Protein chains: 2
Amino acid sequence: MKPATIRDVADLAKVSVASVSRVLTGAGVVAEPTRMKVLEAVEALSYVPHSGARSLSTNRTDTVGVILPDLFGEFFSELIRGMDLAARSAGLHLIVSSSHDDASDAAAAIRSMRGRVDGLIVLSPHLDAANLAANLAGRLPVLLMNGGMNEAGRPSIVVDNHGGARVAVEHLLSLGHRHIAHIGGPKGNLEARERQEGYVEAMRAAGGQPLIVDGDFTQASGHRAMQALLAEGVRPEAVFAGNDMMAVGALLAMQDAGVRVPDDVAVVGFDDVPIAALVRPALSTMRIEIAETGRRAVERLVTLIASTSDGGSESDIREVITPRLIVRASSVGDAAALSLAAPSTGDRS
Amino acid sequence: MKPATIRDVADLAKVSVASVSRVLTGAGVVAEPTRMKVLEAVEALSYVPHSGARSLSTNRTDTVGVILPDLFGEFFSELIRGMDLAARSAGLHLIVSSSHDDASDAAAAIRSMRGRVDGLIVLSPHLDAANLAANLAGRLPVLLMNGGMNEAGRPSIVVDNHGGARVAVEHLLSLGHRHIAHIGGPKGNLEARERQEGYVEAMRAAGGQPLIVDGDFTQASGHRAMQALLAEGVRPEAVFAGNDMMAVGALLAMQDAGVRVPDDVAVVGFDDVPIAALVRPALSTMRIEIAETGRRAVERLVTLIASTSDGGSESDIREVITPRLIVRASSVGDAAALSLAAPSTGDRS
DNA sequence: CTGTTAGCGCCTTCAC
DNA sequence: GTGAAGGCGCTAACAG
């Protein structure tokens, strides 16, 4: 009735549990006859090792945890896809935990990971970083991705949102636009703020007047923000959205209002989520290789875990991802020749 | 140096580990003074319970596993989002395992879940279902979502792909189209086959001639398939794609070729992934409440787990999801009034 | 090469 | 109300 244990196997095979363990883990040497007997018993009982028990002994779970604020939209799915890929090829399991609104919530999630994972990747714009991650996770290796460019000396991967935003705005400026509006992300979000600051700086540097409408990173909010602008009779020459989804929302709002993109208003987003290349006009954006970044995060966490158990120290603490400008039709009308970089994206069902 | 254990806490608080355990789990009764001492010690040592060890004792991991074939596209991310939501509200962790090409691969993944999860949700179109899931997972509760309408008497949630496809095709027929092409999903995929069969049947029933082009569920394949059709000089009146991503690909291919949708060719997809409402023309499709389905899957797994430990039996074995036709502009030109159902989708960064 | 014996960190009867 | 002791399933020395 109950699942077979290693002892059942040992009994049936007339050997000790140690031998069974040796056969199954590959550690140590076992005589061929013994090995056969064990394997037969395993087969007969359809025995499957209990990973939980194994973890308790070995002190390794072969699992990494990911703490996310949310799971909406393509950004996170792409990120997780990359992480899953890397985890898989490293023989690790991935445990995801999302929807952590406030810091204490995220903290609890981190806590509950103790004894469940070998390391953690934390994306938590709401979490004030290092402190929490450190105290709560015990001696658990943690890789931060919560967007703070000014983190403590803690392993992290951050996106240069500030610089990326400047590049985006400069692209629009170079197109001759001066009246450029910005649709900003959610208030508390650090990355949103950095992008907004980059926008403001670039505008100031060009002697332009910043014009900011609030959004919350969702497509719907971008749509609303754009509608609001148009309703007020404001007709900017260009719009720089805090992320792609809001840019898409703005795109649709303008379509509804009969405003032509990019002829009347040029649009640039941020992230380069798969959908950016699929809307029409295709969206110009600041590309973050999202899946690749996720892959990289796991990769770094793995070495972190290794170096932690080896007692070694980490070399490159902070890794900065520099977004790259992808010009598509939403900012340059005849960008057909330029936008060969539109990636093809898959789907399943 | 090493993380504190329950014993450290007990020592510091001058009580037994049993009392500490009682305080932390809430089980049993503890005198107030004792409880205080324990909590203080916990605080002082910043002790966090080791969930792995706890699991070994309680025989519960409070974790459910999800086996997926892939992680591409919005379908899976939506599904996972729904699952995460449900898991979270049930106090469960979610461990995802994807990219299992062949059956043996998926089997290994399932095996490795032993002792790590309390139950499993298996989506594996490649896996020949019940057998593997059953034998490999031991006495682990398993909820199947591998698309087999003809499963053994095993708890499952399936989509009525066959019926959904018929409805889609009948919608196109009702619009007066007779020459309807189908872009099919990947060969080995059961759901793709069911949809294709539904298409063929509906066509036959209407006295029409089926025309099938192969795809693989990716946007790129839909694009290629449509290009191929047009290149051959074939100009159907309508296209029913095996899923939304291929439909989007077809949409773009036609746009590139100067074919107008829906005036020249009407298009219907399947799934209603978020992007379906965002492309232009917005895509008519067969809606599966994807996230909701994921939520429901976890919900059922939870009751399954409960009933398994209670020794009770499951009532409704197979649950069928019936896709609903969503008419948007890609099939009916002036569908503006009809397509109020376009859901707004979020994104983060 | 193989068996015996401790734990891994925690929960949980069972006496006190 | 509290403590002592056994055990969850497995691995890892340590003897033989």
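Residues numbered from 1 in each chain as written. Chains lettered and ligands numbered in written order. Predicted model: local features only at pLDDT ≥ 70, side-chain atom pairs only at ≥ 80, totals over all residues. Heavy atoms only, no water.

1. Let's talk about the nonpolar core
- Ranked by internal contacts, the top residues of the largest apolar core, which has 150 residues, are Met83 and Phe240 of chain A together with Met83 and Phe240 of chain B.
- In terms of nonpolar packing, the next biggest core, distinct from the first, is built from 22 residues, Val117 of chain A together with Ile95, Ile110 and Val122 of chain B among them. (Core = buried A, V, L, I, M, F, W, Y, C linked by side-chain atoms within 4.5 Å. Buried < 20%, exposed > 50% of the residue type's maximum accessible area, 1.4 Å probe, protein only.)

2. Some thoughts on the interface of chain B and chain A
- Facing 66 residues of chain B, the contacting portion of chain A comprises 66 residues.
- When chain B packs against chain A, the two sides together hide about 6400 Å² of surface, and 55% of this comes from carbon and sulfur.
- Two residues, Arg88 of chain B and Asp105 of chain A, come together in a salt bridge whose shortest N-O distance is 2.8 Å.
- If you look at where chain B meets chain A, you find 22 residue pairs in polar contact (both at pLDDT 80 or more).
- Elements with a minimum of two residues in the side of chain B that touches chain A: α4 (51–58), α5 (73–89), β2 (93–97), α6 (103–111), α9 (190–205), α10 (219–231), α11 (244–257) and β9 (266–271) of chain B.
- At ten residues, α5 of chain B tops the list of elements feeding residues into the side of chain B that touches chain A.
- By residue class, the composition of the side of chain B that touches chain A is 28 nonpolar, 22 polar and 16 charged.
- Pairing between strand β2 (residues 93–97) of chain A and β2 of chain B: three bridges, direction antiparallel. (Contact = heavy atoms within 4.5 Å. Buried area = accessible area lost by both parts, 1.4 Å probe. Salt bridge = Lys/Arg side-chain N within 4 Å of Asp/Glu carboxyl O. Polar contact = N/O pair within 3.5 Å; in protein donor to acceptor, adjacent residues only side chain to side chain. Helix = DSSP H or I, 4+ residues; strand = E, 2+ residues; numbered from the N terminus. Nonpolar A, V, L, I, M, F, W, Y, C, P; charged D, E, K, R; others polar. Pairing = 2+ DSSP bridges.)

3. Some remarks on the sheet that holds strand β6 (residues 180–184) of chain B
Residues and elements named next belong to chain B.
- Within the open sheet, the six strands sit side by side as β7-β6-β8-β9-β10-β12. Their pairing is mixed. The sheet is open, and its two borders are formed by β7 (211–214) and β12 (324–326), each paired with just one other strand. Neighbour to neighbour, the strand axes of the sheet diverge by 20° on average, direction disregarded.
- Of the strands in this sheet, β6, β7 and β8 (238–241) touch α10, which is tilted by about 135° from β7. (Axes fitted to C-alpha atoms, helices over the stretch in contact; angles between N-to-C directions.)

4. So, the protein's contact with DNA strand C
- The local shell around DNA strand C holds 24 residues, among which Arg22 and Thr34 of chain A together with Ile6, Tyr47 and Arg54 of chain B are the closest.
- The share of sugar and phosphate among atoms of DNA strand C within 4 Å of the protein is 64%.
- In the environment of DNA strand C, a base oxygen lies 3.4 Å from a nitrogen or oxygen atom belonging to the backbone of Leu56 of chain A.
- Ile6 of chain B is positioned with one of its backbone polar atoms (N or O) 2.4 Å from a phosphate oxygen of DNA strand C.
- Within the residue set of the surface near DNA strand C, elements represented by two or more residues are α2 (17–25) and α4 (51–58) of chain A together with α2 (17–25) and α4 of chain B.
- A total of five residues in the surface near DNA strand C trace back to one element, the largest contributor, which is α4 of chain B.
- Its residues assigned to classes, the surface near DNA strand C comprises twelve nonpolar, ten polar and two charged. (Near = heavy atom within 4 Å.)

5. Structural notes on the sheet that holds strand β9 (residues 266–271) of chain A
Residues and elements named next belong to chain A.
- Taken in spatial order, the six strands line up as β7-β6-β8-β9-β10-β12 in an open sheet, and their pairing is mixed. Only two strands of the sheet have a single partner each, and these edge strands are β7 (211–214) and β12 (324–326). Adjacent strand axes in the sheet meet at a mean angle of 20°, parallel and antiparallel pairs treated alike.
- For strand β6 (residues 180–184) and β7, the ladder comprises four bridges, and the chain directions are parallel. By the bridge assignment, Ile183 is partnered in β7 with Val213.
- Across the sheet, helix α8 (residues 161–174) touches β6, β8 (238–241), β9, β10 (284–287) and β12, and the angle it forms with β9 is around 165°.

6. Comments concerning helix α3 (residues 32–45) of chain B
Residue and element names in this part refer to chain B.
- Over its 14 residues, α3 runs 20 Å from end to end, which matches the ideal 20 Å to within 8%, given 1.5 Å per residue.
- For α3, the full list of buried residues reads Thr34, Val38, Ala41 and Val42. Each buried residue of α3 sits inside an arc of 100° when the element is viewed along its axis, so together they form one side. Exposed positions of α3 whose direction lies more than 90 degrees from the buried face are Pro33, Glu40, Glu43 and Ala44.
- If you follow the buried residues of α3, they end up packed against α1 (6–13) and α2.
- Positive backbone phi, at 40°, marks Ser46, one or two positions downstream of α3. (Expected span 1.5 Å × (residues − 1). Arc of directions from axis to C-beta.)

7. Thoughts on the packing of aromatic side chains
All names here are of chain A.
- In total, this model carries four aromatic pairs over all chains according to the counting rule given.
- Between Phe75 and Phe76 the ring centres are 5.5 Å apart and the planes differ by 90°, which places this aromatic pair in the edge-to-face class. The pair Phe75 / Phe76 is uniform in exposure class, with both members buried.
- On the numbers, 6.4 Å between centres and 50° between planes, the contact of Phe240 with Phe270 is tilted. Linking Phe240 in strand β8 with Phe270 in strand β9, this pair joins segments that are 30 residues apart in sequence. Neither residue differs from the other here; Phe240 and Phe270 are each classed as buried.
- When the ring centre of Phe270 is taken as origin, the NZ or CZ atom of Arg195, which lies over that ring, is 3.8 Å away. (Phe/Tyr/Trp six-rings, centres within 6.5 Å; stacked < 30°, edge-to-face > 60°. Lys NZ or Arg CZ within 6 Å of the ring centre and 35° of its normal.)

8. Notes on empty space enclosed by the protein
- Enumeration according to the criterion identifies nine cavities of 30 Å³ or more in this entry.
- Volume-wise, the largest cavity comes out at about 250 Å³.
- If you trace the largest cavity, you find 22 residues lining it, with Gly52, Gly115 and Arg116 of chain A together with Gly115 and Arg116 of chain B closest to the centre.
- Taken together, the elements giving at least two residues each to the lining of the largest cavity come down to α4 of chain A together with α4 of chain B.
- Its residues assigned to classes, the lining of the largest cavity shows six nonpolar, 14 polar and two charged. (1 Å grid on protein atoms, 1.4 Å probe; cavity = no way out; pocket = protein on both sides within 12 Å on 5 of 7 lines; lining within 4 Å. Points joined across faces, edges and corners; volume = space filled by probe spheres on them.)

9. Details of the protein's contact with DNA strand D
- Taken together, 25 residues form the shell around DNA strand D, and within it Ile6, Tyr47 and Arg54 of chain A together with Arg22 and Thr34 of chain B come nearest.
- Per the 4 Å cut-off to the protein, sugar and phosphate atoms form 63% of the nearby atoms of DNA strand D.
- The side chain of Ser57 of chain A places a nitrogen or oxygen atom 2.6 Å from a base oxygen of DNA strand D.
- Within the side chain of Ser57 of chain B, an N or O atom sits 3.3 Å from a base nitrogen of DNA strand D.
- Put simply, the parts of the chain that give the surface near DNA strand D at least two residues each are α2 and α4 of chain A together with α2 and α4 of chain B.

10. Quick look at unusual backbone geometry
All names here are of chain A.
- Omega for the peptide link from Val261 to Pro262 comes to 5°, which places this bond in the cis form.
- Locating Pro262 in the fold gives a position in the loop between α11 (244–257) and β9.
- Not every positive phi belongs to a glycine, and Lys14 is a case in point at roughly 60°.
- Secondary-structure assignment places Lys14 in the loop between α1 (6–13) and α2.
- Using a relative accessible area of 69% as the deciding quantity, one classes Lys14 as exposed.

11. Observations concerning the relation of the copies chain B and chain A
- With an RMSD of 0.1 Å, the operation that places chain B on chain A is a rotation of 180° combined with a shift of 0.0 Å along the axis. The superposition operator between the copies reduces to a two-fold rotation axis. Closest approach to the rotation axis among the C-alpha atoms of chain B is made by Ile95 of chain B, whose C-alpha sits 2.1 Å away.
- In this assembly, 100% of the residues forming the interface of chain B have copies in chain A that are likewise at the interface, indicating an isologous arrangement. (Least-squares fit on C-alpha atoms with pLDDT ≥ 70 in both.)

12. Quick look at the pairing of β6 of chain B
- Counting buried positions along β6 of chain B gives five out of five residues, so the element sits mostly inside the fold.
- Burial along β6 of chain B is two-sided: the residues Ile180, His182 and Gly184 of chain B and Ala181 and Ile183 of chain B are all buried.

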